[in-house]
Amino acid sequence: MEPAAQDEPPIDVLAYCQSRRIAFLETGPLDSADAVALIKALRPDLGIHAGAGLLRRSLIDAFRLASSTRIWVCCRPIAG
């Protein structure tokens, strides 16, 4: 199955967030001390990770709900 053709150009995530007054945070490696400190300073309730790789405990613990709620979702492509 081929991906659907895209009629519109890709969305510039930063421009999209800025136009809707959505906070946008760009860091280096998520397991760096600077990135973890920056995220902790925001005092977030929840983090959503839609990228590749594993998140380290120090980053997971930066989110308020990380220690009280353990919800892990794993998605794999369905072979067909």
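Residues numbered from 1 in each chain as written. Predicted model: local features only at pLDDT ≥ 70, side-chain atom pairs only at ≥ 80, totals over all residues. Heavy atoms only, no water.

## Structural notes on the overall build of the protein chain
Broken down by element type, the protein chain carries 3 helices and 0 strands. Reading the secondary structure of the protein chain in the N-to-C direction produces α-α-α. In the protein chain, which comprises 80 residues, the proportion classed as buried is 12%. At a minimum sequence separation of 6, the contacts of the protein chain that also span at least 24 residues come to 11%. Surface accessibility of the protein chain: about 7500 Å² in total, with carbon and sulfur atoms responsible for 57%. (Helix = DSSP H or I, 4+ residues; strand = E, 2+ residues; numbered from the N terminus. Buried < 20%, exposed > 50% of the residue type's maximum accessible area, 1.4 Å probe, protein only. Contact = heavy atoms within 4.5 Å. Areas by Shrake-Rupley, 256 points an atom, 1.4 Å probe, with all protein chains shown as cover.)

## Observations concerning the confidence of the model for the protein chain
Model confidence for the protein chain is summarised by a mean pLDDT of 77, while 72% of its residues fall at 70 or above. Averaged over each element, pLDDT in the protein chain is lowest for helix H3 (residues 57–60) (87) and highest for helix H2 (residues 33–41) (91). (pLDDT = per-residue confidence, 0-100.)

## Digging into the nonpolar core
Judged by nonpolar contacts, Val36, Ile39, Leu59, Ile60, Ala62, Phe63 and Ala66 together constitute the single largest core of 7 residues. Of all elements in the fold, only H2 and H3 reach the threshold of two or more residues within this core. With residues up to four places along the chain from it excluded, the contact list for Leu59 reads Leu30, Val36 and Ile39. (Core = buried A, V, L, I, M, F, W, Y, C linked by side-chain atoms within 4.5 Å.)

## Overview of a nonpolar patch on the surface
Taken together, the side chains of Ile11, Tyr16 and Ile22 define a hydrophobic patch exposed on the protein surface, amounting to about 300 Å² of accessible area. Within the secondary structure layout, Ile11 lies in the segment before helix H1 (13–19). (Patch = residues over 30% accessible without salt bridge, like charges linked within 9 Å, V, L, I, M, F, W, Y side chains within 5 Å. Salt bridge = Lys/Arg side-chain N within 4 Å of Asp/Glu carboxyl O.)

## Some thoughts on the pattern of salt bridges
The tally for this structure, following the rule as stated, stands at 2 salt bridges. Ionic pairing is found between Arg64 and Asp45, a salt bridge with its closest N-O pair at 2.7 Å. Taken together, the residues span a long stretch of sequence, with Arg64 in the segment after H3 and Asp45 in the loop between H2 and H3 at a distance of 19 residues. For Arg64, a relative accessible area of 52% corresponds to the exposed category. Residue Asp45 is classed as partly exposed on the basis of its relative accessible area, which comes to 40%. Arg57 serves as the salt-bridge partner of Asp61, at 3.3 Å between the closest nitrogen and oxygen. Asp61 sits in the partly exposed class, given a relative accessible area of 42%.

## Focus on the environment of Asp61
Looking at the element boundaries, Asp61 is found in the segment after H3. Between the C-alpha atom of Asp61 and that of Lys40, which follows or precedes it by 21 residues, the distance is 8.8 Å.

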